[in-house]
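Overview (structure and organization)
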Amino acid sequence: MAEPVRARRLTDEEGRRLQQIVRRGKHGSIRVRRAMIIMASASGTLVPAIARLVAADEDTVRDVIHLFNQKGLAALDPRWAGGRPRLISEDDVDVIVAAATTRPGKLGLPFTHWSVRKLAAHLSSAGIRVGRERLRQLLHARGISFQRTRTWKESADPDKDAKLDRIEYVTSRYPNPVLRV
C-alpha cells in the first residue's frame, strides 16, 4: 500500500500566512479551501477526513497537497484557463477586418450595416469560425466599432455608391484627416 499523501512541514511564515487566510476568509472561497486543505494535511489529518471537511473530492485534496509540496503557497492560486484558445491566424484576422470595413451591400448582403452577430454569420459562411465575443475583441483591438442604424431610409441619389466609395477611399487612405474651415 502506498504511503498516505501529506503536506510537507510548514515554515513559520507559511503557517502564519495560511492561518491569516483561513481566519479572515475574504480571499475567495477557493483560496480559503486550499489553505484549509494544506493546514489540515500538515497537522496530520488524512485525505478522506480533509475531503469531508472542505466538501471536496479526495483526488482534488491530493492534487492540492502535491501542488503545495512542489510550489509552496503559490498552490493557493489555481491557474485555470478557459480551454485551448481558438487558433485564428493573422490571415483570418485580415479577412475579418476587410469584411468588417466593407459595406454589406457590396458583398451582396441585404442589410446596410454590420452587427457583430451578422458579421460572425457571414464569416462562418466564408469558412472562418469565430465566436461573437472573440470577434468583438478582435475588432475592438483594431479600432473598429459598429453603431446602430439610425434610419431605415435609403438615399434616392443615383451617385450614392460612387460617393460612398470615395468616402471609404479617403477615410481608409487618410485615417486622421484635418479639416480646414
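Refer to the structure printed above.
Summary of the structure given here. (Residues numbered from 1 in each chain as written. Predicted model: local features only at pLDDT ≥ 70, side-chain atom pairs only at ≥ 80, totals over all residues. Heavy atoms only, no water.)

**Notes on the packing of helix α6 (residues 116-125) against helix α7 (residues 132-141)**
- At a closest axis distance of 10 Å, the pairing of α6 and α7 adopts a crossing angle of 105°. It follows from the interaxial angle that α6 and α7 lie roughly perpendicular. Across the interface between the two elements, Val116, Arg117, Leu119, Ala120 and Leu123 of α6 pack against Arg132, Leu135, Arg136 and Leu139 of α7.
- Tallied by class, residues from the contact of α6 with α7 come to six nonpolar, no polar and three charged. (Axes fitted to C-alpha atoms, helices over the stretch in contact; angles between N-to-C directions. Helix = DSSP H or I, 4+ residues; strand = E, 2+ residues; numbered from the N terminus. Parallel < 35°, antiparallel > 145°, perpendicular 65-115°, else oblique. Contact = heavy atoms within 4.5 Å. Nonpolar A, V, L, I, M, F, W, Y, C, P; charged D, E, K, R; others polar.)

**A short note on the environment of Gln20**
- Residue position: Gln20 is located in helix α1 (residues 12-24).
- Looking at Gln20, the relative accessible area reads 29%, which means it is partly exposed.
- Measuring from C-alpha to C-alpha, the distance between Gln20 and Ile128 comes to 50 Å, with 108 residues separating the pair along the chain. (Buried < 20%, exposed > 50% of the residue type's maximum accessible area, 1.4 Å probe, protein only.)

**Focus: the pattern of salt bridges**
- Scanning the model with the defined rule gives twelve salt bridges in all.
- Note that Arg16 is salt-bridged to Glu13, the shortest N-O span being 3.3 Å. In this pair, Arg16 and Glu13 both sit in helix α1, three residues apart, roughly one turn of the helix.
- Lys106 serves as the salt-bridge partner of Glu168, at 4.0 Å between the closest nitrogen and oxygen. Here the residue Glu168 occupies a position in helix α8 (residues 160-173), and Lys106 occupies one in the loop between α5 (90-100) and α6, the gap between them amounting to 62 residues.
- Judged by relative accessible area, which is 25%, Glu168 ranks as partly exposed.
- Judged by its relative accessible area of 47%, Lys106 falls in the partly exposed class.
- Bridged by salt links that share partners, the residues Arg103, Lys106, Asp161, Asp165 and Glu168 form one connected network. (Salt bridge = Lys/Arg side-chain N within 4 Å of Asp/Glu carboxyl O.)

**Section: the environment of Arg8**
- Tracing the sequence through the fold places Arg8 in the segment before α1.
- Sequence separation between Arg8 and His66 is 58 residues, and the spatial gap between their C-alpha atoms is 9.3 Å.
- Non-local contacts of Arg8, meaning those with residues more than four positions away in its chain, are made with Glu14, Ala42, Phe68, Asn69 and Gly72.

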